[in-house]
Amino acid sequence: MKQYLSFFRMRLLAGLQYRAAALAGMSTQLVWGTMEVLLYRAFYLESPEKFPMGMEALAAYIWLQQAFLAFFALWHLEPELADSVQQGTVAYELVRPGDLYGMWMARSLALRLSRAALRCLPILLVAALVPAPYGLRLTVSPGTLALFLVSMALMLVLVCAYTMVLYGLGFYLESTNGVRWLSLAAADLLGGAIVPLPFLPEPLRTIAALSPFGSMQNVPLRIYGGDIAGTEIPAAMGLQALWCLLLILAGWILMNRGLRRCVVAGG
């Protein structure tokens, strides 16, 4: 475990060095969040009773989504990991002591944490200054805040576990580009990246909620906004934990079986 924590720490510190990229990303996310809030505001002013979420909950969803985009964005993959099997560079990873899955999982977690750490606080501060109901309210109960943080941790593990499945498929396919882009498109639609899940029609909404994508950003952001409350919270977080276990197991099996049939040739 100590070696994985050391590897995680090194990757985290390396990711924190890219401040210029973080500033550019933060500016983009602030502008994008403002555009989304203004777009929904135009519709809500017309007939707010027709929408499945209140404007305050929706605004919290949008601002948190932008602040922690590095957690949710499945397109934030590491090309060198995704292509390492085809290029043979996985051999460098195999000479290191430790399990390949554990090292890559630690690397993925560190990458997302470092990117979010450089962006989230300024966006949250700006969102908190926006007048209600279009800003991010900070007056949530301690219990709701604790559940939100636990759900965010489960979501981060789930997103990384899903990307590990994509990396594991590299041992079986000539190229994972097709699978990657199809799965990322499905994640955007079914995970709430395009519109929150309550806005989707039935039965697509139910399918999305039960899929692993529906246990990603959909759950913690709606818990914070109060759109998931009461007895719905344990069920939603339990499904998150279940998908974490299933995807970790699937990724570990894919990778370890793939390593048994992996042949690296070179000179």
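The structure reproduced in this document is the subject of the present report. (Residues numbered from 1 in each chain as written. Predicted model: local features only at pLDDT ≥ 70, side-chain atom pairs only at ≥ 80, totals over all residues. Heavy atoms only, no water.)

Let's talk about the pattern of salt bridges
And step 1. One pass over the structure, following the stated rule, counts three salt bridges.
And step 2. When the shortest N-O distance is used, the salt bridge between Arg137 and Glu56 registers 3.3 Å. Placement of Arg137 in the loop between α8 (100-129) and α9 (142-168) and of Glu56 in helix α3 (residues 55-67) is noted, with a sequence separation of 81 residues between them.
And step 3. Since its relative accessible area comes to 24%, Arg137 is described here as partly exposed.
And step 4. In this structure Glu56 comes out as partly exposed when scored by relative accessible area, which is 35%.
And step 5. Asp227 serves as the salt-bridge partner of Arg222, at 2.8 Å between the closest nitrogen and oxygen.
And step 6. Residue classification places Asp227 among the partly exposed positions, given a relative accessible area of 21%. (Salt bridge = Lys/Arg side-chain N within 4 Å of Asp/Glu carboxyl O. Helix = DSSP H or I, 4+ residues; strand = E, 2+ residues; numbered from the N terminus. Buried < 20%, exposed > 50% of the residue type's maximum accessible area, 1.4 Å probe, protein only.)

So, the packing of α8 against helix α13 (residues 232-260)
And step 1. It is the contact of α8 with α13, at a shortest axis distance of 9 Å, that shows an interaxial angle of 130°. Here α8 is positioned oblique relative to α13, judged by the angle of their axes. Two packed elements cross with a definite hand, and for α8 against α13 that hand is right-handed. Residues Leu100, Tyr101, Trp104 and Met105 of α8 pack against Leu247, Ile248, Gly251, Trp252, Met255 and Leu259 of α13. (Axes fitted to C-alpha atoms, helices over the stretch in contact; angles between N-to-C directions. Parallel < 35°, antiparallel > 145°, perpendicular 65-115°, else oblique. Left-handed = near helix turned anticlockwise from the far one by under 90°. Contact = heavy atoms within 4.5 Å.)

Focus: the packing of aromatic side chains
And step 1. Summed over the entire model, instances satisfying the criterion amount to seven aromatic pairs.
And step 2. The rings of Tyr40, Tyr44, Phe51 and Phe199 are connected pair by pair, giving a single aromatic cluster. (Phe/Tyr/Trp six-rings, centres within 6.5 Å; stacked < 30°, edge-to-face > 60°.)

Considering a nonpolar patch on the surface
And step 1. Residues Val31, Trp32 and Met35 make up a contiguous nonpolar surface patch of about 330 Å² in total accessible area.
And step 2. Structurally, the position occupied by Met35 is in helix α2 (residues 19-46).
And step 3. A relative accessible area of 49% means that Met35 is categorised as partly exposed. (Patch = residues over 30% accessible without salt bridge, like charges linked within 9 Å, V, L, I, M, F, W, Y side chains within 5 Å. Areas by Shrake-Rupley, 256 points an atom, 1.4 Å probe, with all protein chains shown as cover.)

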